[in-house]
Amino acid sequence: MSVDQATVRRIAHLARIAVTDAEVPHLQNELNAILAFVEQLDEVNVDGIEPMTSVTPMAMKKRQDEITDGALADKVTGNAPATEDHFFIVPKVVE
Amino acid sequence: MNAPVDPKKLIKGATGDWEVVIGMEIHAQVTSKSKLFSGASTAFGGEPNAHVSLVDAAMPGMLPVINEECVRQAVRTGLGLKAEINLRSVFDRKNYFYPDLPQGYQISQYKSPIVGEGEVLVDMPDGSQITVGIERLHLEQDAGKSLHDQHPTMSFVDLNRSGVALMEIVSKPDLRSAEEAKAYVTKLRTILRYLGTCDGDMEKGNLRADVNVSVRRPGDPFGTRCEIKNVNSIRFIGQAVETEARRQIGIIEDGGTIVQETRLFDPGKGETRSMRSKEEAHDYRYFPDPDLLPLEFDQAYVDDLAAHLPELPDAKKARFIAEYGLSPYDAGVLVAEREQADYFEAVAKGRDGKAAANWVINELFGRLNKEGLDIGASPVSAAQLGAIVDLIGEGTISGKIAKDLFEIVWTEGGDPRALVETRGMKQVTDTGAIEKAVDEVIAANPDKVQQALAKPTMLGWFVGQVMKQTGGKANPQAVNDLLKSKLGI
C-alpha cells in the first residue's frame, strides 16, 4: 500500500495541518516508508486469532454513577486564548 | 423491505404515485447523574462550563473511565426493544473537528455496538399496528454546545453537555409515512420513559431525531436518501418528512436526481435546506479507542436486568384489555404515560374498569388538558375519583350529578362521599317522592299528555321536566318507568 500526493494533502487537511506544496513529496515519501514498514506484519498469518486489547487479561474498570468532578470553570477555560463569562470564544462557526 | 404497499400511504406526484421510505436515528440522553466517561454532573442548565471535568475538556493525559450506570441503562433499553444484547462491545473514536468537540473525536461504538437487532410495535391512530425493526443501539458521548448569537464574529462554546452519555437508536428503513414516523418516535419515547433510561424531554434536546428520507415508485429498489439532522419535536418530524418527500419527488419528476446529503429542517419556512457540504467531513476514520478496553459483561448480568424490568407499555395494554375489559383504544390512551396508567389502576382497583377508564379519560384527562396540567399535578386524587365512581355504581348519585361533584372536588377538594351528604346531592330513589313529581308534571300539562299518546318520543320531554323538578337528583330509570306506566305508553 502506498499513498499519492492527493492523499497526502487530504490527510493533512483532515488533521487540519497546513502543508505547503513543497512539503508534499517529502511527506509522501515518509508516509510510504512507514506504510512499507508496517506492511511487514502482513507476513504473519493471524487467521482465527482474536485481536489483543490488553497485555494482561483484564476487564475494563467501571465507575459508580456519582458526581465527583466539575465546578472547575476557571481551570477548564484557563488555557483558552479567549473567554467570556467562562465560555470559550472561537471564530464564528455556523452550519 | 418490500412489504405490500398500502395505497393510502402513497404520495401523488405529477407523474404517478410515490412511496416514501424513512429510517431514523434517535439520540436519547441516558438518565444518569454523571457523564459517560467522567464524574462531572449531567444536570441541565448549569453555569457555562461548570459541569465539565478535565476529561470532558480533553486536557492532555486525562483518561476516560466508564460509568457502569450508563452501561446498565443501555442494556435495559436493549431489553425493552426486544433486542439482542452483545456481551462484548467496543468503543471507537469518530474523528472530526468542531469547536464544541474538544477531543477532536467522539467516543462512540462503530463495528461492535452494545445492542444489536430488535423491534418496536407501533400502534397507528386508525387502530392498525406496524412493526419497526431496530438495527442497533450504541453508546456514545454528546458534544458541547455552541452559541452563535452572542457576538457578531465569534461563537461561544459551553462544554456542559460534552461527554454526557447518549444512546443512538437506529431503526431499519421500515417506515412509510410521516404518520408512521411520528407514531414510531412517540412509542419509542414511551418505552424509554417506562424504563426510566431517558426522560424523553425533546424541548431540552434530551431526545432528538435524525430522519433519513428517500422516495421510490412502489416496488422499486430504495432511492437515494437525504438525512435531516436534529429534528427536535414529534410534530416537526412529521413536517420534515412531508416537506422532504415533496422536494425529492419534485426533483425526480423534473428529470433531476437526488444527491445524498445532510439537510436541516426549518419549521418557520417549512422547508429543508442543504447544510454546508461536508462530504470530506464524513471521513471519520474510526478506530478502536486505545484508552478503553472492550466493554464486557456476562449473561447472568443481562438476565438479572431482564428479570427486574418494569411492565412495558405493550404488556400493560394487553393486561388492561384482559383484566379490565377496556377497548384497545382506551387501553392505548392510558398506557401512553406510565403515570397515567398508574393513576388509572389506582382508580380501577376493585371497581368497574370500564367506568374507571371513562372517568379517567373523558373527565379527568379532558380537564387536565384544558388546564394544561400533567397527571402528577391533578387536583383530584385517584382515591377521590374512585369514590365518585363508587357513588355512581351504588346508585347514590346520578351520572349527571357526578359531573357536578367532580367539579366541586376539582376546585374545592374534599371527600366526595361527605360532599354528597352535606350538599344534598343524593339521588332520589324513593319512589313516593318521584311519583309525586311525576304526578305534578302530568297534572300541569294536559295538552302535552295528549300529544305524548300520539307521539311516544315526547316521553323525553316529561323526563326532563321531572328531573328539573327534582333538581336532577331523581333516578332517571325510575322516572322513565313511572312515566311510561302513568301515561300508558
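Conventions adopted
Residues numbered from 1 in each chain as written. Chains lettered and ligands numbered in written order. Predicted model: local features only at pLDDT ≥ 70, side-chain atom pairs only at ≥ 80, totals over all residues. Heavy atoms only, no water. Phe/Tyr/Trp six-rings, centres within 6.5 Å; stacked < 30°, edge-to-face > 60°. Helix = DSSP H or I, 4+ residues; strand = E, 2+ residues; numbered from the N terminus. Buried < 20%, exposed > 50% of the residue type's maximum accessible area, 1.4 Å probe, protein only. Lys NZ or Arg CZ within 6 Å of the ring centre and 35° of its normal. Pairing = 2+ DSSP bridges. 1 Å grid on protein atoms, 1.4 Å probe; cavity = no way out; pocket = protein on both sides within 12 Å on 5 of 7 lines; lining within 4 Å. Points joined across faces, edges and corners; volume = space filled by probe spheres on them. Nonpolar A, V, L, I, M, F, W, Y, C, P; charged D, E, K, R; others polar. Expected span 1.5 Å × (residues − 1). Contact = heavy atoms within 4.5 Å.

Chemist: Just checking my understanding: could you explain the packing of aromatic side chains for this structure?
Modeler: Aromatic rings considered in pairs are described by the distance between their centres and by the relative angle of their planes. Residue and element names in this part refer to chain B. Summed over the entire model, instances satisfying the criterion amount to 13 aromatic pairs over all chains. With a centroid separation of 5.2 Å and an interplanar angle of 80°, the aromatic rings of tyrosine 324 and phenylalanine 344 are classed as edge-to-face. Separated by 20 residues along the polypeptide, tyrosine 324 in helix α5 (residues 313-324) and phenylalanine 344 in helix α7 (residues 338-348) bring together distant segments of the chain. Side by side, tyrosine 324 and phenylalanine 344 carry an identical accessibility label, which is buried. Through pairs of rings, three or more aromatic residues link up here, namely Tyr96, Tyr110, Tyr284 and Tyr286. Seen from the ring of tyrosine 284, lysine 94 lies directly overhead, with NZ or CZ sitting 4.4 Å from the centre. Positioned over the ring face of tryptophan 18 is arginine 217, at 3.9 Å from the centre of the ring.

Chemist: Looking at this structure, I do not really get the sheet that holds strand β16 (residues 287-288) of chain B. What am I missing?
Modeler: Strand pairing in a sheet takes place through backbone hydrogen bonds and is either antiparallel or parallel in direction. Residues and elements named next belong to chain B. In space, the 3 strands of this open sheet follow the order β6-β5-β16, with antiparallel pairing throughout. With partners counted over all chains shown, the strands left at the sheet margins are β6 (105-108) and β16, one partner each. Pairing between strand β5 (residues 92-95) and β16: 2 bridges, direction antiparallel. Across the sheet, the residue bridging to arginine 93 is phenylalanine 287, located in β16.

Chemist: Is there a simple way to think about empty space enclosed by the protein in this case?
Modeler: It is the rolling of a water-molecule-sized probe over the atoms that shows where space remains empty. All names here are of chain B. Counted according to the given criterion, the structure contains 1 cavity of 30 Å³ or more. Each pocket or cavity is described by its volume, and for the largest cavity that value is around 60 Å³. Val55, Asp56, Asp100, Leu101, Pro102, Gln103, Tyr105, Gln141, Asp142, Ala143, Ser162 and Gly163 are the residues that line the largest cavity. For the lining of the largest cavity, the per-class residue count stands at 5 nonpolar, 4 polar and 3 charged.

Chemist: Would you explain helix α15 (residues 476-487) of chain B in this entry?
Modeler: Side chains that are three or four residues apart share a direction in an α-helix, a result of its 3.6 residues per turn. Residues and elements named next belong to chain B. Between the first and last C-alpha of α15 there are 16 Å, a value that for 12 residues agrees with the 16 Å anticipated at 1.5 Å per step. Buried residues along α15 sit in contact with α12 (431-444), α13 (446-454) and α14 (459-469). Where α15 terminates, the next one or two residues include glycine 488, which has phi positive at roughly 70°.

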